[in-house]
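# Summary of structural features
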Amino acid sequence: MSESKEFIAPFTTWTYDKPCEEMSWTEPKSPSLLSVSSDASVVADDDFDLVIVGIFAPAKDDESKEELKPALAGAAADLDTSLGGALSAVMEENYKAFKHGASAGSVTPTIRIFDGSKSKKYILLGLGTEDKDVEAATLFKVGSAVASACNDEKKIKSCAVLMPSKLGSAPSTLTDISSSFYSQLYADNRYRTGDKVTVTAEDLTSVVLVPEGDVADEEATSALAAGYSISKGIYLTKDIVNAPHNVLNSISMANTARKIAAESGGLIECTILGKAECYVCSSSWVQYLQRYLLNKGYCECTTQCIELHQFGKHGT
């Protein structure tokens, strides 16, 4: 008889001896992946594999039935001129679907320009119409569209995103774009093996946002970092939702809360209430939760409640 080999699970889970005590977390891409440059000339000068050009569509007159002509301006117009009008041509060819960028987050087909032995890719990204204010929803669509383009276009290592002056470069703008960019690249591979593992934007090493106008470097760096932190929270939320019951239980959830507090730099305090504490806790929601669990048939010994308290940077 051949000896049976001990099965080794590819991820931490429960056994008949003890429950799972830890849920693994999915980490976003490196925070250094996204950066900002105020020099629009880098789009033409640097050797980017992909250039994404953000454009606003001209405001349409409801009474006019004529098709609007593309009107590129600023750095986008200069780039179009250097490419022999290739950007304007693709806008006209795809007017029915792209509407010159009237729908925020929409993109044109990829343009490939060959320069010697290397090809460079260009994509136009719709930002809405000129007569409408830029809202947070638009910025989220911009970040998501940039991430999707970097993932869909294979073998892309570097990308530049040309942002018109109307889009702005305020810290809140960069934070929203950053958070949606990283969030779009989420892939939960914790319980996958072999060919089922999905790696988003596998070859990507650099994405440079290039706003037209002045950019304060320190503010921009802080804004991108804030967006990255938000994406980490989004990743964790998705991880918790996606975790199966054999991994995420009251113990591993409590340890997840402890880890959140430990990594908060003192801004979050975690308290885990066991069965005894829940019995004497004066909080009405804790008492309600306890009664609910007992009525559903859960064992009393598994009763645990988690309290997370967030403090300001100055302890307020």
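Here, the structure is the one placed above.
First things first, this report covers the structure right here in the doc. (Residues numbered from 1 in each chain as written. Predicted model: local features only at pLDDT ≥ 70, side-chain atom pairs only at ≥ 80, totals over all residues. Heavy atoms only, no water.)

Attention now moves to helix α6 (residues 171-184). For α6, spanning 14 residues, the distance from its first C-alpha to its last is 20 Å, which sits close to the expected 20 Å at 1.5 Å a residue. Counting buried positions over the 14 residues of α6 gives 11, a clear majority of the element. For α6, the set of buried residues is Thr 173, Leu 174, Thr 175, Asp 176, Ile 177, Ser 178, Ser 179, Ser 180, Phe 181, Tyr 182 and Ser 183. Buried residues along α6 sit against β1 (34-36), α5 (136-152), β5 (158-163), β6 (206-211) and α7 (217-242). (Helix = DSSP H or I, 4+ residues; strand = E, 2+ residues; numbered from the N terminus. Expected span 1.5 Å × (residues − 1). Buried < 20%, exposed > 50% of the residue type's maximum accessible area, 1.4 Å probe, protein only. Contact = heavy atoms within 4.5 Å.)

Now for the nonpolar core. Ile 52, Val 146, Phe 181 and Val 207 are the most contacted members of the largest nonpolar core, which has 36 residues in total. Listing elements by their share of this core, those giving two or more residues are β2 (50-57), β4 (118-129), α5, β5, α6, β6 and α7. Tallying contributions element by element places α5 first for this core, with 7 residues. For Ile 52, the residues in contact, after removing those within four places along its chain, are Ile 123, Leu 125, Val 146, Ala 149, Cys 159, Ala 160, Val 161 and Leu 162. Ranked by size, the runner-up nonpolar core spans 24 residues in total, among them Phe 48, Ala 77, Ala 86 and Val 208. (Core = buried A, V, L, I, M, F, W, Y, C linked by side-chain atoms within 4.5 Å.)

A word on the environment of Ala 71. Looking at the secondary structure, you find Ala 71 in the loop between β2 and α2 (74-82). A sequence separation of 15 residues divides Ala 71 from Phe 56, and the C-alpha atoms of the two residues are 9.0 Å apart.

Moving on: the sheet that holds β6. Taken together, 6 strands build an open sheet; the order of strands is β1-β6-β5-β2-β4-β3 and the sheet is mixed. In this open sheet, the two edge strands, each paired with only one partner strand, are β1 and β3 (111-115). Averaged over all adjacent pairs, the angle separating strand axes in this sheet is 25°, with direction ignored. Sheet strands in contact with α6 are β1, β5 and β6, and its direction is about 160° off that of β1. (Pairing = 2+ DSSP bridges. Axes fitted to C-alpha atoms, helices over the stretch in contact; angles between N-to-C directions.)

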